[in-house]
Amino acid sequence: MTELGGFQDCVGRVDLSSGEVAYESIDEEDATKYIGARGLGVKYVFEQGPDVDPLGPENLLAFMNGPLTGTQVTMSGRLAVCTKSPLTGTVTDSHQGGWSGARLKWAGFDGLLFEGKADEPVYAYVEDGEVELRDASHLWGTGFHETRETIEEEVDGSYGRNLSIMGIGPGGENEVRYASIINEDDRAAGRGGTGGVMGSKNLKAVVVKSNTRMPKPADPETFKEGHQEAMKAIQESDVTAPNEGGLSVYGTNVLMNITEEMDGLPTGNGYYTSTKSASEDRGLDFDAERVSGENVRENILVDEPTCHSCPVACKKEVEVTYRHKGEEMNVHMESFEYEPAFSLGPNSMNDDRDSIAVMIDLCNDLSIDAIETGNMLAMAMEMSEDGRLDEGIDWGDTEAMIETIKRIGHREGVGDLLAEGADRVAEELDAHENSLAVKGQTIPAYDPRCMKGMGIGYATSNRGACHLRGYTPAAEILGIPEKVDPYEWEGKGELTAAFQDLHAISDSFDICKFNAFAEGIEEYVLQYNGMTGLEVSEEELLEAGERIYNLERYYNNLAGFDGSDDSLPARFLDGEGGVPGQGASEGEFCELEEMKAEYYEHRGWVDGVVPDEKLEELGIDIGPGTGVSGEGGAAPADD
């Protein structure tokens, strides 16, 4: 058990096959080594074994919060969902904001672990330290938004006051490989297919009822000092300052015009580096500004809600009226984010702002990842243009896009194929040159021909292409902690590893990554020590982040991944199939191999594999080891 502050010392382990629920304490050594949320969740997933079928009953689905979740710490409303991904085959963790993570903590839990498969659809009802499985047969087949409203009527509670829900729509039920888990605020645990794992278990939703019961810090004076310093940093940041910073005023979509200007916005399935370059080449009237944060704020913004304990309020709630197939659609949705706006917008050659709002809302209702969905549409458009897809779709055809999204969620027609994800589509149609996937997951909205840190970041991410594993654009675009040249590859391996370790810490606390635009390791240590009562140093906390990242890589190594999987789509590289950047990124390619060598040397890995000496150095004492030595060969056998 653990007596550390910030923990409830309770994890609910739910066997869906038998319907039994067990309540477990948290091992204090694990709590100190892996912090919580992402780190502790990945360890639970690891213990289940890396060889499990992601969509089989033996796969573990962990809903986890961390020691800072649901506390006074700013931006501490996060929740991590950890599992083996049906999209990538790697370990994955996907996070959502809002209030669900805080409410789970306030209901008496550090986490919920689901294993097995229910005979019939169920949902888990959580209140006052207990978990109850309830019949969900009447909810199966309904969209998430209808499910959300039906459950609120069934239980004695209300969203926004004392009730949260995390659930799936048809996309999760139909095991779309990139299905997501949505909460009552339309915040998504979006990437990696966590919703598909939930559907494979016949688990429709997790419903949490609790009043506000914020944990008290174990060391109030240290916590107060850290909290005050963190608040000061947030208020003084050009990015996060409430009602002044770019993130607060325009939301994440403040980046649309910035990356467009840099020629760092993947466009037309990543062929082009900006809408301007695409327009010039194709003779189009096509402009990213029409879907930018500035445009959204001026024209369709209706509210700016926030998450637990967050003064930044980056969410931008919008309302649009849109005609589709002759019918008028009124959509009120949260939130118009940069990443899905990129994939459903410029990457699909679409600059119809209101259609993007409709499509994001539809993805949420179906519970499918809006980033992956947009990129699958872009891939389908390019395959259609190349003659590889019989049931084709034209660039920017919003009517066809909306219909195809529905077909993906319900696995109908071409949607059944696209629901399998980019790698499987590429294999089926011999369309590898059309895929923007790394380890099965497609890239987000930063072109690696422009931002070289994102190139090595995508390649070495433990959950497939991802900007959130190590957010180097903080330095390459925003100058945080200091400005670096986005086009320079040297030093990016070490920079990326530093961001990856830092984000492993914040994901395990679990607090929003956006705090890193203002806070640093100094504020992290003070708040963590103040809440838990520990006395860790900056170096020890950074080592915990490194330990978590290496644990994930170790899991993936045992699942069959190595350095050959740390790759990028060919169009970003100087070689066969390569497409040089345009405009401000004229002639640029991503120098991946050079950065990989630098990165592996810094990590102490051997061709993408964690050697046994590194595992021992970091105190990772689970599993059989990789059998690889830091000298570059097999580890010596035990006597």
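If you're wondering where the values come from, they're calculated on a predicted model, not measured in any experiment.

### Topic: the overall build of the protein chain
For step 1, the next point in the chain: When you go through the protein chain residue by residue, the secondary structure sums to 24 helices and 17 strands.
For step 2, the next point in the chain: The C-alpha atoms of the protein chain give 23 Å as radius of gyration, which agrees with the globular expectation for 639 residues (26 Å, within 12%).
For step 3, the next point in the chain: For the protein chain, the spread of C-alpha atoms along the three principal axes comes to 65 × 60 × 50 Å.
For step 4, the next point in the chain: Accessible area for the protein chain stands at about 21500 Å²; split by element, carbon and sulfur atoms hold 42% of it.
For step 5, the next point in the chain: Charge separation in the protein chain, taken as the distance between the mean sites of 50 positive and 125 negative side-chain charges, equals 3 Å.

### Focus on the confidence of the model for the protein chain
For step 1, the next point in the chain: Predicted confidence across the protein chain gives a mean pLDDT of 97, with 99% of residues reaching 70 or more.
For step 2, the next point in the chain: Throughout residues 635-639 the model reports pLDDT below 50, and contacts reaching past four residues in sequence, or to other chains, amount to 4 contacts.

### Remarks on the side chain of Asn462
For step 1, the next point in the chain: Mapped onto the fold, Asn462 is located in the loop between α18 (452-460) and α19 (473-476).
For step 2, the next point in the chain: Given a relative accessible area of 1%, Asn462 falls into the buried group.
For step 3, the next point in the chain: Separated by 3.1 Å, the side chain of Asn462 and the backbone oxygen of Tyr549 make a polar contact.
For step 4, the next point in the chain: With near-sequence residues (within four places) excluded, Asn462 lies in contact with Thr90, Val91, Arg469, Tyr549, Glu552, Arg553 and Asn556.

### Topic: helix α13 (residues 353-366)
For step 1, the next point in the chain: Over its 14 residues, α13 runs 20 Å from end to end, which matches the ideal 20 Å to within 8%, given 1.5 Å per residue.
For step 2, the next point in the chain: The buried fraction of α13 is high, at 13 of 14 residues.
For step 3, the next point in the chain: At the N-terminal end of α13, a side-chain oxygen is found 3.3 Å from the backbone nitrogen of Asp354, two or three residues along, and the residue is Asp352.
For step 4, the next point in the chain: Just beyond α13, the residue with positive phi is Ser367, at close to 60 degrees.

### Details of unusual backbone geometry
For step 1, the next point in the chain: Glu334 connects to Ser335 through a cis peptide bond whose omega is 15 degrees.
For step 2, the next point in the chain: With respect to the helices and strands, Ser335 occurs in the loop between β15 (327-333) and α12 (338-344).
For step 3, the next point in the chain: In this model, Phe509 is joined to Asp510 through a cis peptide bond whose omega is -10 degrees.
For step 4, the next point in the chain: When you line up the elements, Asp510 lands in the loop between α20 (492-509) and α21 (521-532).

### Examining the pairing of strand β6 (residues 111-115)
For step 1, the next point in the chain: Burial analysis of β6 places 5 of its 5 residues in the buried class, which makes it a mostly covered element.
For step 2, the next point in the chain: The two faces of β6 match: Gly111, Leu113 and Glu115 on one face and Leu112 and Phe114 on the other face are all buried.
For step 3, the next point in the chain: When strand β1 (residues 11-15) meets β6, the two strands line up parallel, connected through 5 bridges. Of the residues in β6, the one forming a bridge with Val11 is Gly111.
For step 4, the next point in the chain: Across 4 bridges, the pairing between strand β3 (residues 61-64) and β6 is antiparallel. Residue pairing across strands places Phe63 opposite Leu112, the latter belonging to β6.

### Concerning the side chain of Gln441
For step 1, the next point in the chain: Within the secondary structure, Gln441 sits in strand β17 (residues 441-442).
For step 2, the next point in the chain: Its relative accessible area of 0% is what places Gln441 among the buried residues.
For step 3, the next point in the chain: Within the structure, the side chain of Gln441 is placed 3.2 Å from the backbone nitrogen of Gly192, a separation counted as a polar contact.
For step 4, the next point in the chain: Apart from the residues lying within four places of it in its own chain, the contact partners of Gln441 are Leu87, Thr88, Arg191, Gly192, Glu372, Leu436, Arg463, Gly464, Ala465 and Cys466.

### Overview of the packing of α13 against helix α15 (residues 398-410)
For step 1, the next point in the chain: For the pair α13 and α15, interaxial distance at closest approach is 10 Å and the crossing angle is 5 degrees. What the angle tells us is that α13 and α15 run roughly parallel. When α13 is examined against α15, the residues Ser355, Val358, Met359, Leu362, Cys363 and Leu366 are found in contact with a partner set consisting of Thr398, Met401, Ile402, Ile405, Lys406, Gly409 and His410.
For step 2, the next point in the chain: Broken down by class, the residue content of the contact of α13 with α15 amounts to 8 nonpolar, 4 polar and 1 charged.

### Overview of the sheet that holds strand β2 (residues 20-24)
What links the strands of a sheet is backbone hydrogen bonding, and the strands pair in either a parallel or an antiparallel sense.
For step 1, the next point in the chain: Reading across from one edge, β2-β1-β6-β3-β4-β5 is the order of the 6 strands in this open sheet, with mixed pairing throughout. Of all the strands in the sheet, just β2 and β5 (91-96) have a single pairing partner and so form its edges. Neighbour-to-neighbour, the strand axes of the sheet open up by a mean angle of 15 degrees, direction not taken into account.
For step 2, the next point in the chain: Alignment of β3 against strand β4 (residues 79-84), held across 3 bridges, turns out to be antiparallel. What sits directly across from Ala62, in β4, is Cys82.

Thresholds applied
- The residue numbers shown here count from 1 along each chain, following its written sequence.
- For this predicted model, a pLDDT threshold of at least 70 governs which residues receive local features, and a threshold of 80 or more governs which side-chain atom pairs are given and counted, while totals over whole chains, interfaces and linings are taken from all residues.
- Excluded from the side-chain calculation are hydrogens and water; included are all heavy atoms of the structure.
- Going along the chain from the N terminus, every DSSP run of H or I of four or more residues is numbered as a helix, and every run of E of two or more is numbered as a strand.
- Atoms counted for the radius of gyration: C-alpha only. Globule rule: 2.2 Å times the number of residues to the power 0.38.
- Computed with the Shrake-Rupley method and a 1.4 Å probe, the accessible areas treat only the protein chains shown as cover for residues.
- Positive residues here are Lys and Arg, negative ones are Asp and Glu, while His and the chain termini are left out of the count.
- We put the charge of a Lys on NZ, of an Arg on CZ, of an Asp on CG and of a Glu on CD.
- What pLDDT expresses is the predictor's confidence in each residue, scored from 0 to 100.
- Should any heavy atoms of two residues lie within 4.5 Å, those residues are considered in contact.
- Classification of residues uses two cut-offs on accessible area relative to the type maximum, computed with a 1.4 Å probe and protein chains only: under 20% is buried, over 50% is exposed, and between them is partly exposed.
- In the analysis that follows, any N or O atom pair within 3.5 Å is treated as a polar contact, provided that within protein one partner can donate a hydrogen and the other can accept it, and provided that, for residues neighboring in sequence, both atoms belong to side chains.
- Any helix carries an expected span of 1.5 Å times its number of residues minus one.
- Strand pairing is assigned whenever DSSP identifies at least 2 bridges connecting the two strands.
- Comment: axis = line fitted to C-alpha atoms, over the contacting stretch for helices; angle = value between 0 and 180 degrees taken between N-to-C directions.
- These descriptions rest on fixed angle ranges, namely under 35 degrees for roughly parallel, over 145 for roughly antiparallel, 65 to 115 for roughly perpendicular, and the rest for oblique.
- Amino acids outside the nonpolar list (Ala, Val, Leu, Ile, Met, Phe, Trp, Tyr, Cys, Pro) and the charged list (Asp, Glu, Lys, Arg) are all regarded as polar, and Gly is one of them.

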